[in-house]
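# Understanding the architecture of this molecule
The primary structure of each chain is shown beneath.
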Amino acid sequence: MSKKPIAPLLVERGTTHGSFEDNAIISQSIKFYMRISGGWDKLTDVERESMDMIALKFSRILSGKSLERQHWEDVVGY
């Protein structure tokens, strides 16, 4: 298996997804409010994981390219 340069991929992801630090801050903030809501404990593990993944996708929408089609397709997929 040949190794591909990582730098170009990271630059591309930075433009579409935003910085990892910004994503972490936004995603963790969304997750915090989801977890303190009254309904969180009523969800199944699958529902909770879906909500976590959606929070990550929303953070990418907010910190990267908001109209990146893949972000929205991923949200629909969860």
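Refer to the structure presented above.
Here we summarise the structure given alongside this text. (Residues numbered from 1 in each chain as written. Predicted model: local features only at pLDDT ≥ 70, side-chain atom pairs only at ≥ 80, totals over all residues. Heavy atoms only, no water.)

Right, let's get into the packing of aromatic side chains. Within a pair of aromatic rings, the relevant descriptors are the distance that separates the centres and the angle that separates the planes. For the structure shown, the criterion picks out one aromatic pair. Relative to Tyr-33, the ring of Phe-32 has its centre 5.0 Å away and its plane inclined at 85°; by these criteria the two rings are edge-to-face. In this structure Phe-32 comes out as partly exposed when scored by relative accessible area, which is 46%. (Phe/Tyr/Trp six-rings, centres within 6.5 Å; stacked < 30°, edge-to-face > 60°. Buried < 20%, exposed > 50% of the residue type's maximum accessible area, 1.4 Å probe, protein only.)

Here the focus is the pattern of salt bridges. Throughout the structure, instances matching the rule amount to five salt bridges. For Arg-48, the salt bridge is made with Asp-45, and the minimal N-O distance between the two is 3.5 Å. Pair noted here: Arg-48 and Asp-45 are both in helix 3 (residues 45-63), with a separation of three residues, about one helical turn. Classification of Arg-48 by relative accessible area gives partly exposed; the value is 22%. When the shortest N-O distance is used, the salt bridge between Lys-57 and Asp-74 registers 2.8 Å. Separated by 17 residues along the polypeptide, Lys-57 in helix 3 and Asp-74 in helix 4 (residues 69-77) bring together distant segments of the chain. (Salt bridge = Lys/Arg side-chain N within 4 Å of Asp/Glu carboxyl O. Helix = DSSP H or I, 4+ residues; strand = E, 2+ residues; numbered from the N terminus.)

With that out of the way, let us pick up the environment of Asn-23. Locating Asn-23 in the fold gives a position in helix 2 (residues 20-35). Through-space distance from the C-alpha of Asn-23 to that of Leu-56 is 7.2 Å; in sequence the pair is 33 residues apart. Excluding residues that lie within four positions of it along the chain, Asn-23 makes contacts with His-17, Gly-18, Leu-56, Ser-59, Arg-60 and Ser-63. A polar atom in the side chain of Asn-23 sits 2.8 Å from the side chain of Ser-59. (Contact = heavy atoms within 4.5 Å. Polar contact = N/O pair within 3.5 Å; in protein donor to acceptor, adjacent residues only side chain to side chain.)

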